[in-house]
Amino acid sequence: MTNQTIDMIIAGRRQRRRRWIFVNALLLLIAFALSCAMLLLGSAFYPVPEVLRALLGESQDGVSFAVNTIRLPRMLAGLFAGFAFGIAGNTFQTMLRNPLANPDILGITAGSSVAALFCILILQTSDTTASIASVIAGLITVVLIYVLSKGSSFSVGRLILVGIGIQAMLSAVISYLLMEGGQEDLPSALQWISGSLNGSQMDNLLPLMITVLLCTPIVVLLGKHLNILELGEQSAFSLGLNTDKTRILLILSSVCMIALATSVTGPISFVAFLSGPIAKRLVGVGYSNIIPAGLVGINLVLGADLIGQFAFDVRFPAGIITGILGAPFLLYLLIRMNRRGSL
């Protein structure tokens, strides 16, 4: 290998690193701007000085309640849930080497939603119990999909098909629970199932925030192993990677994040599906897109919530807006994969 070749490799690596840093900085800047807009905008506009004084604890008529009780929890819910959806979706897509292999399509989100709705509508338990049930249901859904898709050899295509079937079955269960639930709880349940940041409270956010802060470092530390898994089972094993242990840690971390995010905001559709491909397109090859995928998730959720609140005469939940954005992309992806023979 000549010195010129080595210099080209080093230059290419530096260029990819600069691109990665620039993309993350840009996504952070957009997320900061959207977060500020969430605090400033509402039924009434509050100037920046008044919002800052309210956040610092100064009592102001109307402003303190609106900012600290309504807008701040709503913004934090979108921030942490979007980050969780983005990282979890990217992890599944990379690990299973298929953009369709995300928690929404595999039925993991639906499993968590069934548990949360059952606790809310039927058992009428506390939010903490609903969060725990969501995590357990998400893990059970993953195990069920794996067991039903397991044949003589592991097949991503078979796993996706089984996941789609599980998702359809769980959607029917969700419809049944909505019919059986009390009439007084139905409006809030319908709003929740659409994926909404409305009604977010600081007490409900604490488990999600702790889980994201604990699980994100695990996924980031396993980022190199995740890239090796993308090469395939045999290649990863030949490189000395303990594929089962790595996959279990990644699945546990991702399911915990996606389940708790779902229990707080409801299933905000297509965020887990869109974040990974968008981040990969922005970052390019050579560097991990775990953090960029989380930042894209934040921007999708916060942006969709702002659009749903202020772009129309009627206010729509964030999940409706992300669904409008995600459905055409899903059709495009299916057509492209079909032409390549990947389906």
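Remember, predicted model here, so these are calculated numbers, not experimental data.

The rules we used
Residues numbered from 1 in each chain as written. Predicted model: local features only at pLDDT ≥ 70, side-chain atom pairs only at ≥ 80, totals over all residues. Heavy atoms only, no water. Helix = DSSP H or I, 4+ residues; strand = E, 2+ residues; numbered from the N terminus. Expected span 1.5 Å × (residues − 1). Buried < 20%, exposed > 50% of the residue type's maximum accessible area, 1.4 Å probe, protein only. Salt bridge = Lys/Arg side-chain N within 4 Å of Asp/Glu carboxyl O. Contact = heavy atoms within 4.5 Å. Phe/Tyr/Trp six-rings, centres within 6.5 Å; stacked < 30°, edge-to-face > 60°. Polar contact = N/O pair within 3.5 Å; in protein donor to acceptor, adjacent residues only side chain to side chain. Disulfide = S-S within 2.5 Å. Core = buried A, V, L, I, M, F, W, Y, C linked by side-chain atoms within 4.5 Å. Axes fitted to C-alpha atoms, helices over the stretch in contact; angles between N-to-C directions. Parallel < 35°, antiparallel > 145°, perpendicular 65-115°, else oblique. Left-handed = near helix turned anticlockwise from the far one by under 90°. Nonpolar A, V, L, I, M, F, W, Y, C, P; charged D, E, K, R; others polar. Patch = residues over 30% accessible without salt bridge, like charges linked within 9 Å, V, L, I, M, F, W, Y side chains within 5 Å. Areas by Shrake-Rupley, 256 points an atom, 1.4 Å probe, with all protein chains shown as cover.

**Student:** Looking at this model, I keep getting lost on helix H14 (residues 290-310). Mind explaining?
**Tutor:** Given 3.6 residues to a turn, an α-helix orients residues that are three or four positions apart in the same direction. In this model, H14 (21 residues) spans 31 Å end to end at C-alpha, consistent with the 30 Å of a helix rising 1.5 Å per residue. Of all the 21 residues making up H14, 18 are buried; the element is thus mostly covered by neighbouring parts of the structure.

**Student:** Please clarify how the pattern of salt bridges should be interpreted in this entry.
**Tutor:** Any two side chains of opposite charge can pair, given that their charged atoms come close. Going through the model one piece at a time under the given rule, you end up with one salt bridge. Residues Arg74 and Asp305 are paired through a salt bridge, measuring 2.8 Å at the closest nitrogen-oxygen approach. Taken as a pair, Arg74 in helix H3 (residues 63-95) and Asp305 in helix H14 lie far apart in primary sequence, 231 residues in all. A relative accessible area of 12% means that Arg74 is categorised as buried. Under the relative-accessibility criterion, Asp305 is labelled buried at 0%.

**Student:** How should the environment of Gly111 be read in this particular structure?
**Tutor:** Considering the arrangement of structural elements, one finds Gly111 in helix H5 (residues 108-123). Accessibility expressed as a relative area gives 5% for Gly111, which makes it buried. Between the C-alpha atoms of Gly111 and Leu41, which are 70 residues apart in sequence, the distance is 34 Å. Dropping the residues within four chain positions of it, Gly111 is found in contact with Ala137, Thr141 and Leu170.

**Student:** Whenever I open this one, the environment of Ser35 confuses me. Can you help?
**Tutor:** With respect to the helices, strands and loops of the structure, Ser35 is situated in helix H1 (residues 3-40). By relative accessible area, Ser35 is classed as buried at 10%. Separated by 43 residues in sequence, Ser35 and Gly78 place their C-alpha atoms 8.9 Å apart. With near-sequence residues (within four places) excluded, Ser35 lies in contact with Met75, Leu79 and Leu302.

**Student:** Is there a simple way to explain the packing of aromatic side chains in this structure?
**Tutor:** Describing an aromatic ring pair means giving the distance of the ring centres and the angle of the ring planes. Considering all chains together, one arrives at two aromatic pairs under this definition. Judged by centre distance (5.5 Å) and plane angle (85°), the rings of Phe312 and Phe316 are edge-to-face.

**Student:** Would you mind showing me how to read the side chain of Ser253 here?
**Tutor:** On the secondary structure map, Ser253 appears in helix H12 (residues 243-265). A distance of 2.9 Å separates the side chain of Ser253 from the backbone oxygen of Leu249, its partner in a polar contact. Not counting residues up to four positions away in its chain, the partners in contact with Ser253 are Cys215, Ile218 and Val219.

**Student:** I keep staring at the state of the cysteines and nothing clicks. Help me out?
**Tutor:** Think of a disulfide as a covalent bridge from one cysteine sulfur atom to another cysteine sulfur atom. Scanning the entire structure with this criterion turns up zero disulfides. In this structure Cys256 is not part of a disulfide, and its nearest cysteine sulfur, from Cys215, lies 5.2 Å away.

**Student:** Please explain the environment of Val271 as it appears in this structure.
**Tutor:** Residue placement: Val271 occurs in helix H13 (residues 271-283). As for Val271 and Asp127, which are separated by 144 residues in sequence, their C-alpha atoms are 23 Å apart. Aside from chain neighbours lying at most four places away, what touches Val271 is Gly82, Phe85, Asp104, Gly297, Leu300, Val301 and Thr322.

**Student:** Hey, could you run me through the nonpolar core in this one?
**Tutor:** One broad trend across soluble globular proteins is that nonpolar side chains are buried collectively. Within the largest apolar cluster, 93 residues are counted, with the highest numbers of intra-cluster contacts made by Phe92, Leu106, Leu117, Leu208 and Phe273. Excluding residues within four positions of it along the chain, Leu117 makes contact with Ile122, Ile174, Leu177, Leu178, Ala189, Trp192 and Ile193. Counting five residues, the second-largest nonpolar core is a separate cluster that includes Ala115, Cys119, Ala133 and Ala137.

**Student:** Teacher, can you tell me more about the packing of H5 against helix H7 (residues 156-180) here?
**Tutor:** Each pair of packed helices gets described by two things: the angle between the helix axes and the distance between those axes. Interaxial distance between H5 and H7 falls to 9 Å at its minimum, and their mutual angle equals 15°. One finds that H5 runs roughly parallel with respect to H7. Along this stretch, H5 crosses H7, giving a crossing that reads as left-handed. Contact residues: H5 offers Ala110, Gly111, Ser113, Val114, Leu117, Phe118, Leu121 and Ile122, while H7 offers Gln167, Leu170, Val173, Ile174, Leu177, Leu178 and Glu180. Its residues assigned to classes, the contact of H5 with H7 shows 11 nonpolar, three polar and one charged.

**Student:** Looking at this structure, I do not really get H13. What am I missing?
**Tutor:** In this model H13 runs 18 Å from its N-terminal to its C-terminal C-alpha over 13 residues, within 8% of the 18 Å that 1.5 Å per residue would give. Listed in full, the buried residues belonging to H13 are Val271, Ala272, Phe273, Leu274, Ser275, Gly276, Ala279 and Val283.

**Student:** When you look at unusual backbone geometry in this model, what are you seeing that I'm missing?
**Tutor:** Outside of glycine, negative phi angles account for most residues, and trans bonds account for most peptide bonds. One non-glycine residue, Phe270, lies in positive phi territory at about 70°. Of note, Phe270 is situated in the loop between H12 and H13. Take Phe270: its relative accessible area is 17%, and that puts it in the buried class.

**Student:** Help me understand a nonpolar patch on the surface in this model?
**Tutor:** Together, Ile307, Phe312, Val314, Phe316, Ile320 and Ile324 make up an exposed nonpolar region whose accessible area comes to about 530 Å². By the secondary structure assignment, Phe312 is in the loop between H14 and helix H15 (318-340). Judged by relative accessible area, which is 42%, Phe312 ranks as partly exposed.

In short, the description is geometric, and any link to function would need to be established separately.
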